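Chain by chain, the residues run as shown.
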Amino acid sequence: MSTEELTRAYRGMVLIRRFEERTGQLYGMGLIGGFCHLYIGQEAVVTGVQMALKPGDKVVTSYRDHGHMLAAGMEARGVMAELTGRATGYSRGKGGSMHMFSRKENFYGGHGIVGAQVSIGIGLAFANRYRGSDEVSVAYFGEGASNQGQVFESFNIAALQKLPCIFVIENNRYGMGTSVERSSASRDLFRNGEPWGIPGLQVDGMDVEAVHDAARQAVAHCRAGGGPFLLEMTTYRYRGHSMSDPAKYRTRDEVDQMRREKDAIERVRHALLGQGVEEQALKTIDDEIKHIVADAAAFAQSSPEPDPSELWTDILVEA
């Protein structure tokens, strides 16, 4: 990646990290309710993949979705407002952490049903092909969802129809509190599409350059009519599965070692400094991000809650 691209990646990852840190603070203050799954540690995955896409490409993901929204171009203000249940949020305060959408940015939601978004992803890919465009769809899901029946059904349909869908497994090692070694007989998840002839790559998901390179290969394959592609991103979440998870199934030393040796943001920071980017330039980016996140939090807290009449909108009523 060029210095300009690496700088963009650095900015995008820092935005996700600082946004999620502030989200955790607001949750602890009781300003965010319900389920809340943070993306801290996994920033390189969505950043590298999204940088390989073009306007019009579609994205759908699971409940660990705030980072994907920001990487797709959704505004920090709107995302934070939705998290805090305010009328100015992307779902007008009714969706919360797991149910936000943006047709403008082609973001088709975070979904709480494990693996459900994968079927939606191939539907988006079918729509792209039906309309005669070269646009692709990306379906993100975790290793805990990778053995769901609907995932394999989606693989089959996508391969049968040669749909332009990129399946991205974010393998952060722990599905809720169970390690992948204890839950999956398949250890090389990038091979899970082989019975259907779906090519796959295993990628260091803590290295945004490696992620971006693999994503470009997958996108080129799909745009050329080659059908679906599977990417397994080996990554790591620093926080628990959700805000209510104390993560006692792993040691503090394990988490600290990952932060010291593999942190994606620090890796890019060192790379940029090695390319001659001034420390002050990175500090300017850091300060800008802090302002954006602080502004988003202030905007959310000052926004009104939904009017009670919203209880009766966006629902299907049978005649």
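Criteria and thresholds
- Positions within a chain are numbered from 1, following the residues in the order the chain's sequence is written.
- Side-chain atom pairs in this predicted model are given and counted only at pLDDT of 80 or more, local residue features only at pLDDT of at least 70, and totals for whole chains, interfaces and linings cover all residues.
- Side-chain measures were taken over the full set of non-hydrogen atoms in the model, leaving aside hydrogen atoms and water.
- Salt bridges are defined as contacts in which a side-chain nitrogen from Lys or Arg sits within 4 Å of a carboxyl oxygen from Asp or Glu.
- Helix numbers and strand numbers start at the N terminus; a helix is a DSSP run of H or I with at least 4 residues, a strand a run of E with at least 2.
- Buried residues are those whose accessible area, probed at 1.4 Å on protein chains only, stays under 20% of the maximum for their type, while exposed residues exceed 50% and partly exposed ones sit between those limits.
- Under the pairing criterion, centres of Phe, Tyr and Trp rings, with the six-membered ring standing for Trp, must be within 6.5 Å; the plane angle then separates stacked pairs below 30 degrees from edge-to-face pairs above 60, leaving the rest tilted.
- Two strands qualify as a pair provided DSSP detects at least 2 bridges between them.
- In this analysis, axes come from line fits to C-alpha atoms, helices being fitted only over the stretch in contact, and the angle between any two N-to-C directions falls in the range 0 to 180 degrees.
- Pairs of residues are marked as contacts when any of their non-hydrogen atoms sit within 4.5 Å.
- Each angle gets one of four labels, with under 35 degrees taken as roughly parallel, over 145 as roughly antiparallel, 65 to 115 as roughly perpendicular, and the rest as oblique.
- In this scheme the handedness of a crossing depends on how the near helix is turned from the far one: anticlockwise by less than a right angle means left-handed, clockwise means right-handed.
- In this analysis, the expected span of each helix is defined as 1.5 Å times one less than the number of residues it contains.
- Only protein atoms enter the 1 Å grid used here. Points where a 1.4 Å probe fits but cannot escape make up a cavity, open sets with protein on both sides within 12 Å along at least five of seven lines make up a pocket, and a residue lines them when an atom lies within 4 Å of a point.
- Grid points are joined across faces, edges and corners, and a volume is the space filled by probe spheres set on the points.
- Basically, the charged four are Asp, Glu, Lys and Arg, the nonpolar ten are Ala, Val, Leu, Ile, Met, Phe, Trp, Tyr, Cys and Pro, and anything else, Gly included, counts as polar.

K.L.:
Quick question: what am I supposed to make of the pattern of salt bridges here?
P.N.:
Pairing is possible between side chains of opposite charge, provided their charged atoms come close. Under the criterion given, the structure shown has 21 salt bridges. In this structure, the salt-bridge partner of Asp-287 is Lys-283, at a minimum N-O distance of 3.1 Å. Highlighted residues: Asp-287 and Lys-283, both in helix 11 (residues 279–302), separated by 4 residues, approximately one helical turn. By relative accessible area, which is 34% here, Asp-287 ends up partly exposed.

K.L.:
Sorry if this is basic, but what is going on with the packing of aromatic side chains here?
P.N.:
Applying the stated criterion across every chain yields a total of 7 aromatic pairs. Ring centres 6.0 Å apart and planes at 25 degrees place the aromatic pair Phe-126 and Tyr-130 in the stacked group. In this pair, Phe-126 and Tyr-130 both sit in helix 5 (residues 116–130), 4 residues apart, roughly one turn of the helix. The interplanar angle of 25 degrees and the centroid separation of 5.8 Å between the aromatic rings of Phe-152 and Trp-196 together place this pair among those described as stacked. With a gap of 44 residues between them, Phe-152 in helix 6 (residues 149–161) and Trp-196 in the loop between helix 7 (180–183) and strand 7 (200–204) connect regions that are remote in the sequence. Judged by relative accessible area, which is 23%, Phe-152 ranks as partly exposed. Overall, the relative accessible area of 28% leaves Trp-196 in the partly exposed class.

K.L.:
Is there a simple way to think about the sheet that holds strand 7 in this case?
P.N.:
Taken in spatial order, the 6 strands make up an open sheet running 2-1-3-4-8-7, and their pairing is parallel. Strands with a single pairing partner mark the edges of an open sheet, and in this sheet they are strand 2 (107–111) and strand 7. If you compare each strand with its neighbour and ignore which way they point, the axes differ by 15 degrees on average. In this structure, strand 7 lies alongside strand 8 (residues 229–234), joined through 5 bridges in parallel fashion. Residue Gln-202 lies in a different strand from strand 8, and its bridge partner there is Glu-232. Where helix 6 meets the sheet, it contacts strand 3 (137–142), strand 4 (165–171) and strand 8, and its direction lies at approximately 150 degrees from that of strand 4.

K.L.:
For this particular structure, what's the right way to read the packing of helix 2 (residues 43–50) against helix 8 (residues 208–223)?
P.N.:
Helices that pack against each other are described as a pair by the angle of their axes relative to one another and the distance between those axes. The contact between helix 2 and helix 8 brings their axes to 8 Å, and the two run at 40 degrees. Taken as axis vectors, helix 2 and helix 8 run oblique relative to one another. Between helix 2 and helix 8 lies a crossing whose hand is right-handed. In this structure, helix 2 contributes Ala-44, Val-45, Thr-47, Gly-48 and Val-49 to the contact, and helix 8 contributes Val-208, Val-211, His-212 and Ala-215.

K.L.:
It is not clear to me how helix 11 should be interpreted in this structure. Could you clarify?
P.N.:
Working note: α-helix, 3.6 residues per turn, so residues spaced by three or four point in the same direction. Over its 24 residues, helix 11 extends 35 Å from the first C-alpha to the last, a length consistent with the 34 Å expected when each residue adds 1.5 Å. Buried within helix 11 are the following residues: Leu-282, Ile-285, Asp-286, Ile-289, Val-293, Ala-296, Ala-297 and Ala-300. Looking at the buried residues of helix 11, the elements they touch are helix 1 (3–28), helix 4 (76–83) and helix 10 (264–274).

K.L.:
For this particular structure, what's the right way to read the layout of surface pockets?
P.N.:
Rolled over the atoms, a probe sized like a water molecule indicates the empty space that remains. In this structure, the largest pocket occupies an estimated 450 Å³ of space. Lining the largest pocket are 20 residues, with Arg-8, Gln-50, Met-51, Ala-71 and Ala-72 positioned closest to its centre. Looking at the lining of the largest pocket, the elements with two or more residues in it are helix 1, helix 2 and helix 3 (66–71). Looking at the lining of the largest pocket, the element that brings in the most residues is helix 1, giving 5 residues. Taken together, the residues of the lining of the largest pocket break down into 9 nonpolar, 5 polar and 6 charged. When residues of the lining of the second largest pocket are traced back to their parent elements, those giving at least two are strand 1 (58–62), strand 3 and strand 5 (174–175).

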